[in-house]
Amino acid sequence: MLELESFTEAVARRNPGEKEYQQAVREVAEKVIPFVHEHPRYLKAAVLERLVEPDRIIVFRVAWEDAEGNVQVNRGFRVQHSNAIGPYKGGLRFDPSVNLSVLKFLAFEQVLKNSLTTLPIGGAKGGSDFDPKGKSDREVMHFCHAYMTEMRRYIGKDVDVPAGDIGVGPREIGYLFGQFKRISNEFTGAMTGKGPAFGGSLIRTEATGYGCVYFAREMLDTRGEVLEGKQCAVSGAGNVALFAAEKLIEFGARVVTLSDRSGLLHVEGGIDGDQLAAIRRVKLDQRASLGDYADDAGLDFRSDADPWQVPCDAAFPCATQNEISEADAEGLLTGGCELVVEGANMPATAGAAHAFERSGILYGPGKAANAGGVAISGLEMTQNAMRLTWTRDEVDRRLQAIMRRIHEQCVEHGAEDGRTNYVKGANIGGFVKVADAMVAYGVM
Ligand code: NDP
Ligand code: 2IT
């Protein structure tokens, strides 16, 4: 008998101490278990029980030399969670907080997310506890080359195709792909998020942030509303946050916050295009902090705050997991927030996510809302395989169509009490295709 409490207890026993992984599995199980009881073929094939066990996990040593000639040792990981519907696909995260629990939760989420994109891609995640902060370009290069020297054995265009995530942007992808190309002696699309000069897709950099806003537009449309004029609290100041902010401003919304590890930037009248361009230079080019930018620009900045205390109509958490506590969620709801769209992966704690769900506001979970990034990664694989490059307009048009299709799947599978429960819709919508493939293959 598949039952939520005993199932999640068994997962906790098999994955002791892995809080993030247990949290991600439980969120999915809450929605998928009732669904598999209605569809006994999944029950009989023990699809969910198999799906919470990754295909394989690779853990390796990464030794490299820093600028002073000291030997440094980090740990490298790749969690190849499921290739049921296509080659493993998912980003790499370089951050001191990286551990197996974090990467397993991200890989598990990626399986369902990638299924929702409608593209043939399986789910994986990898990375290292390496911290690119404070390192010179040369040191980052040494680390990336050492990391790829080992990871190369496990990836390839038809096997596993990594990309970026926190701490892994265009600079890191360049070093990683360069080393892949060198030691494998082949120029193939074994990574995405590449520079446009060497096979990268246009709009890949912008795709996660833009996609989130396109998804928000679809959600609001179901209630006859638009983004124009909405006051939006955005967290983060990285790849996802900055391009979500750009698209929100383009759509006439007011972006009143951004944040990073140094604190909260609050601009009451809304950040304008010139300010955003300056922030992008500070964060992405100079790798400096928002606090430095705010000081120079004379803007309101608080080092001990996050965006969730700022009144808003819409919240776009785009920094990291569990950044919205249950108390933050209650505060947002009391303050009148009516739309939450997750650019980050699992930014809401379980308590926060349940509060959003109960409230009946529009709540778009990450695996649906932030799937635009990996979707354009999928299209980068297609372009690489065809050895051609689509125009910006072509890719953007496809991104909008994919986000619309993801939204349709949420609506199709998320019906509940006369409205759409996007958490239910995304989890079941993502599950079905993977489950059908697993049933077709037999027991493995
Ligand atoms: P980046 O490294 O480009 O940016 C992350 C931002 O979040 C930075 O501004 C960083 O601050 C801030 N941040 C990270 N951790 C913390 C923390 N513990 N406390 C406060 N702020 C923090 O990463 P991305 O923008 O690529 O990723 C952001 C989120 O989006 C992640 O959850 C990622 O998994 C998810 N995502 C990313 C996709 C992509 O295509 N890149 C696709 C789908 C989801 P600072 O600048 O100070 O380091
Ligand atoms: O979380 C994610 O979807 C990503 N970091 C993007 C993965 C990818 O393969 O583009």
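Let us look at the structure shown here. Quick caveat, the model's predicted, so the values are computed rather than measured. (Residues numbered from 1 in each chain as written. Chains lettered and ligands numbered in written order. Predicted model: local features only at pLDDT ≥ 70, side-chain atom pairs only at ≥ 80, totals over all residues. Heavy atoms only, no water.)

**A few points about the site of ligand 2**
Here is step 1 of the chain: Taken together, 13 residues surround ligand 2, and among them Lys89, Lys113, Lys125, Arg204 and Ser377 come closest.
Here is step 2 of the chain: Contact between ligand 2 and lysine 113: an oxygen atom at 2.7 Å from a side-chain N or O atom of the residue.
Here is step 3 of the chain: Between ligand 2 and the protein, one listed contact pairs a nitrogen atom with a side-chain N or O atom of aspartate 165 at 3.0 Å.
Here is step 4 of the chain: When the free accessible area of ligand 2 is taken as 300 Å², the share hidden by the protein chains comes to 94%.
Here is step 5 of the chain: Of all the secondary structure elements, the ones that give two or more residues to the shell around ligand 2 are β3 (88-94), α5 (100-116) and α15 (372-386).
Here is step 6 of the chain: Considering every element that reaches the shell around ligand 2, the biggest residue donor is β3, with 3 residues.
Here is step 7 of the chain: In terms of residue class, the shell around ligand 2 is made up of 2 nonpolar, 6 polar and 5 charged. (Near = heavy atom within 4 Å. Polar contact = N/O pair within 3.5 Å; in protein donor to acceptor, adjacent residues only side chain to side chain. Areas by Shrake-Rupley, 256 points an atom, 1.4 Å probe, with all protein chains shown as cover. Helix = DSSP H or I, 4+ residues; strand = E, 2+ residues; numbered from the N terminus. Nonpolar A, V, L, I, M, F, W, Y, C, P; charged D, E, K, R; others polar.)

**Some points on the packing of aromatic side chains**
Here is step 1 of the chain: Counted by the stated rule, this structure contains 20 aromatic pairs.
Here is step 2 of the chain: Both rings, one in phenylalanine 35 and one in tyrosine 42, keep their centres 6.0 Å apart while their planes meet at 25°; by these two values the pair is stacked. Considered together, phenylalanine 35 and tyrosine 42 belong to a single accessibility category, that of buried residues.
Here is step 3 of the chain: With 5.2 Å between their ring centres and 55° between their planes, phenylalanine 60 and tyrosine 147 make a pair best called tilted. Here phenylalanine 60, found in strand β1 (residues 56-65), pairs with tyrosine 147, found in helix α6 (residues 137-151); they are 87 residues apart in sequence, far enough to count as distant. Grouping residues by exposure puts phenylalanine 60 and tyrosine 147 together as buried.
Here is step 4 of the chain: Aromatic rings pair up to connect Phe60, Trp64, Phe94, Phe130, Phe143 and Tyr147 into one cluster.
Here is step 5 of the chain: For the cation-ring pair, arginine 398 lies above tryptophan 390, with the distance from its terminal atom to the ring centre recorded as 4.0 Å. (Phe/Tyr/Trp six-rings, centres within 6.5 Å; stacked < 30°, edge-to-face > 60°. Buried < 20%, exposed > 50% of the residue type's maximum accessible area, 1.4 Å probe, protein only. Lys NZ or Arg CZ within 6 Å of the ring centre and 35° of its normal.)

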